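Summary of structural features
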Amino acid sequence: MYKLYGIKNCDTIKKARKYLEAQGVEYQFHDYRTDGLDADLLQRFIDTLGWQALLNTRGTTWRKLDESERNAVDNPATALKLMQSQPAIIKRPLLCAPDGSMLLGFSEATYTPFIQEKS
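Residues numbered from 1 in each chain as written. Predicted model: local features only at pLDDT ≥ 70, side-chain atom pairs only at ≥ 80, totals over all residues. Heavy atoms only, no water.

**Let's talk about the packing of helix H1 (residues 11–22) against helix H8 (residues 108–118)**
One can describe the packing of H1 onto H8 by two numbers: an axis separation of 11 Å at closest approach and a directional angle of 40 degrees. Viewed along their axes, H1 and H8 adopt a mutual orientation that is oblique. Crossing handedness for the pair H1 and H8: right-handed. Here Ala16, Tyr19 and Leu20 of H1 lie close against H8, whose contacting residues are Glu108, Tyr111, Thr112 and Ile115. In terms of residue class, the contact of H1 with H8 is built from 5 nonpolar, 1 polar and 1 charged. (Axes fitted to C-alpha atoms, helices over the stretch in contact; angles between N-to-C directions. Helix = DSSP H or I, 4+ residues; strand = E, 2+ residues; numbered from the N terminus. Parallel < 35°, antiparallel > 145°, perpendicular 65-115°, else oblique. Left-handed = near helix turned anticlockwise from the far one by under 90°. Contact = heavy atoms within 4.5 Å. Nonpolar A, V, L, I, M, F, W, Y, C, P; charged D, E, K, R; others polar.)

This is how it looks when you write it as structure tokens:
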């Protein structure tokens, strides 16, 4: 079963969920805010995708950080701490396939071949 990670009220998450449901793809949704995010899982995301890819530097949460906090995020360990304390700063959605492969962000153009390849 696929697992979709993100935050429930995110518009992109809503689009991804609607797409998965329309395609009949079974998935479980994991909300970072209500379900939490442990360090081991986040480290797995970082190991697979890279901390720079996971860090949403275009979002409101990033912009609300003061400059010293933003400048301090310069390696996987500091990024992990920040993402764990403020999960809204993680780029979303993150779709994990049953085989452990991951796809970050949403567009039908990337979801369709990703899901077809895993079926």
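So much for the structure itself; the text now carries on.
**Description of the packing of aromatic side chains**
The full count for this structure, using the stated rule, is 5 aromatic pairs. Judged by centre distance (6.3 Å) and plane angle (20 degrees), the ring pair of Tyr5 and Tyr32 falls under stacked. Of this pair, Tyr5 sits in strand S1 (residues 2–6) while Tyr32 is found in helix H2 (residues 32–35), placing the two residues 27 residues apart along the sequence. Under the relative-accessibility criterion, Tyr32 is labelled buried at 2%. Judged by centre distance (4.7 Å) and plane angle (80 degrees), the rings of Phe106 and Tyr111 are edge-to-face. Counting every residue linked through ring pairs, the aromatic cluster contains Tyr5, Tyr32 and Phe45. Between Arg17 and the ring centre of Phe29, over which it is positioned, the NZ or CZ distance is 4.3 Å. (Phe/Tyr/Trp six-rings, centres within 6.5 Å; stacked < 30°, edge-to-face > 60°. Buried < 20%, exposed > 50% of the residue type's maximum accessible area, 1.4 Å probe, protein only. Lys NZ or Arg CZ within 6 Å of the ring centre and 35° of its normal.)

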